[in-house]
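The chain contents come next:
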Amino acid sequence: HAADAYRTDLMTITRFVLNEQSKHPESRGDFTILLSHIVLGCKFVCSAVNKAGLAKLIGLAGETNVQGEEQKKLDVLSNDVFVKALISSGRTCILVSEEDEEATFVVASKRGRYCVVFDPLDGSSNIDCGVSIGTIFGIYMMKDGDEPTLNDVLQPGKNMLAAGYCMYGSSCTFVLSTGAGVNGFTLDPSLGEFILTHPDIKIPKKGKIYSVNEGNAKNWDAPTAKYVEKCKFPKDGSSSKSLRYIGSMVADVHRTLLYGGIFLYPADKKSPNGKLRVLYEVFPMSFLMEQAGGQAFTGKQRALDLVPKNIHERSPIFLGSYDDVEEVKALYAAEEKKE
Ligand code: P6P
């Protein structure tokens, strides 16, 4: 009867994080408070994105961001919301945003111990055509000492305490890891709560999909070219992989996480470090992939071992199913032997 239609053991993201917190009796709940502010930001952006077409938010804000791309109003709005929410949490000391050239150092009276790196609205060039976009974030604990410095955010990705993304698509999906696996939550707009819908996500060990912008093929290096060729014309008689490329990292990575396969944004002659940003695109997605049983490789090393030198640094990235990334690593290792 009707009552059965309502699940009563609602596991909201807040309850979930509180459960996690209870495993660390020493914690004072600062992380839970920080995360609740990130979740609030995502709920706001979700609502703004869903109304964008109606609210005429689409269109240029007139300025350009550090990437030289024209900022759309939703970019500006999302960045403002996250910066304000994170500062008001009273738990952060440094913020790095894709939209801001310089890091934000939180005023002492509002300062906490966490450093948050984020892309408030990744894939924003897709806003106007309704393709899924998302917020990507990573969280570090500041290093010892009292005064926060840039070194607190120029840490290798393996030092992150947590990472996640929120995808604004047909539904609003929040995927999070705090270092003990990956869990997915879906926003129930009638409750305004994120409900646990994808517990303990594990990426298939091997996938049937590869995801890359083939338009850059003429500029790829040999190992990448060989790998993509292998996806299309496998020598071992196996069937070729399907190509799925949305051009919005959160959407491409979310599909890879759930269905398996590999997402790659390799280096090319024009951009030797690829296109994606280390702190708030490569690291959070690599962190999630490892936590889900996959892996992430830069073409030279494990992505999470990379030590960034500046906050908007880029890196090539190959991430996804463990076995698929292993094949890329073998091709790069073989190339290295030749040199
Ligand atoms: P390309 C979107 O602009 C973005 O930053 C990522 O979300 C996406 O994966 C990538 O760039 C797409 O880049 O060069 O294939 O259009």
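Residues numbered from 1 in each chain as written. Predicted model: local features only at pLDDT ≥ 70, side-chain atom pairs only at ≥ 80, totals over all residues. Heavy atoms only, no water.

Within an unreviewed UniProt entry, the label attached to the chain reads Fructose-1,6-bisphosphatase, cytosolic, and the organism entered is Nyssa sinensis. What UniProt states about the chain under its Catalytic activity (unreviewed entry) heading is, verbatim, "beta-D-fructose 1,6-bisphosphate + H2O = beta-D-fructose 6-phosphate + phosphate". (UniProt positions renumbered as here; feature names shortened; annotations may be inferred.)

Chemist: How would you summarise the environment of D252 if you had to cite specific residues and measurements?
Modeler: With respect to the element layout, D252 can be found in helix 6 (residues 249-259). Looking at D252, its side chain comes within polar contact range of the side chain of S211, at 3.3 Å. (Helix = DSSP H or I, 4+ residues; strand = E, 2+ residues; numbered from the N terminus. Polar contact = N/O pair within 3.5 Å; in protein donor to acceptor, adjacent residues only side chain to side chain.)

Chemist: Tell me about the sheet that holds strand 5 (residues 111-122), residues and numbers included.
Modeler: Backbone hydrogen bonds are what pair the strands of a sheet, in a parallel or an antiparallel way. An order of 4-3-5-6-7-8-9-10 is seen for the eight strands of this open sheet, with the pairing classed as mixed. Only two strands of the sheet have a single partner each, and these edge strands are strand 4 (104-105) and strand 10 (193-198). Across seven bridges, the pairing between strand 5 and strand 6 (residues 133-141) is antiparallel. Considered in strand 6, the bridge of C115 is made with Y140. Against the sheet, helix 4 (residues 73-88) touches strand 3 (92-97), strand 4, strand 5, strand 6 and strand 7 (162-168), its axis set at about 165 degrees to strand 5. (Pairing = 2+ DSSP bridges. Contact = heavy atoms within 4.5 Å. Axes fitted to C-alpha atoms, helices over the stretch in contact; angles between N-to-C directions.)

Chemist: Outline helix 4, listing residues and values.
Modeler: For helix 4, spanning 16 residues, the distance from its first C-alpha to its last is 23 Å, which sits close to the expected 22 Å at 1.5 Å a residue. Of the residues trailing helix 4, G90 is marked for its positive phi of about 70 degrees. (Expected span 1.5 Å × (residues − 1).)

Chemist: Pulling in residues and values, what's your account of the side chain of T32?
Modeler: Relative to the assigned elements, T32 resides in helix 3 (residues 30-51). For T32, a relative accessible area of 13% gives the class buried. Of the polar contacts made by the side chain of T32, one reaches the side chain of Q21; its length is 2.5 Å. Sequence-distant contacts of T32, that is, excluding residues within four places in its chain, are made with V17, L18 and Q21. (Buried < 20%, exposed > 50% of the residue type's maximum accessible area, 1.4 Å probe, protein only.)

Chemist: Hey, could you go over the UniProt feature "domain: Fructose-1-6-bisphosphatase class 1 C-terminal" (unreviewed entry) in the chain for me, with residue numbers and the actual values?
Modeler: Residues given the UniProt feature "domain: Fructose-1-6-bisphosphatase class 1 C-terminal" (unreviewed entry) here are residues 203-332. Structurally, residues 203-332 is divided into 36% helix and 12% strand, and its ends, taken at the C-alpha atoms, are 23 Å apart.

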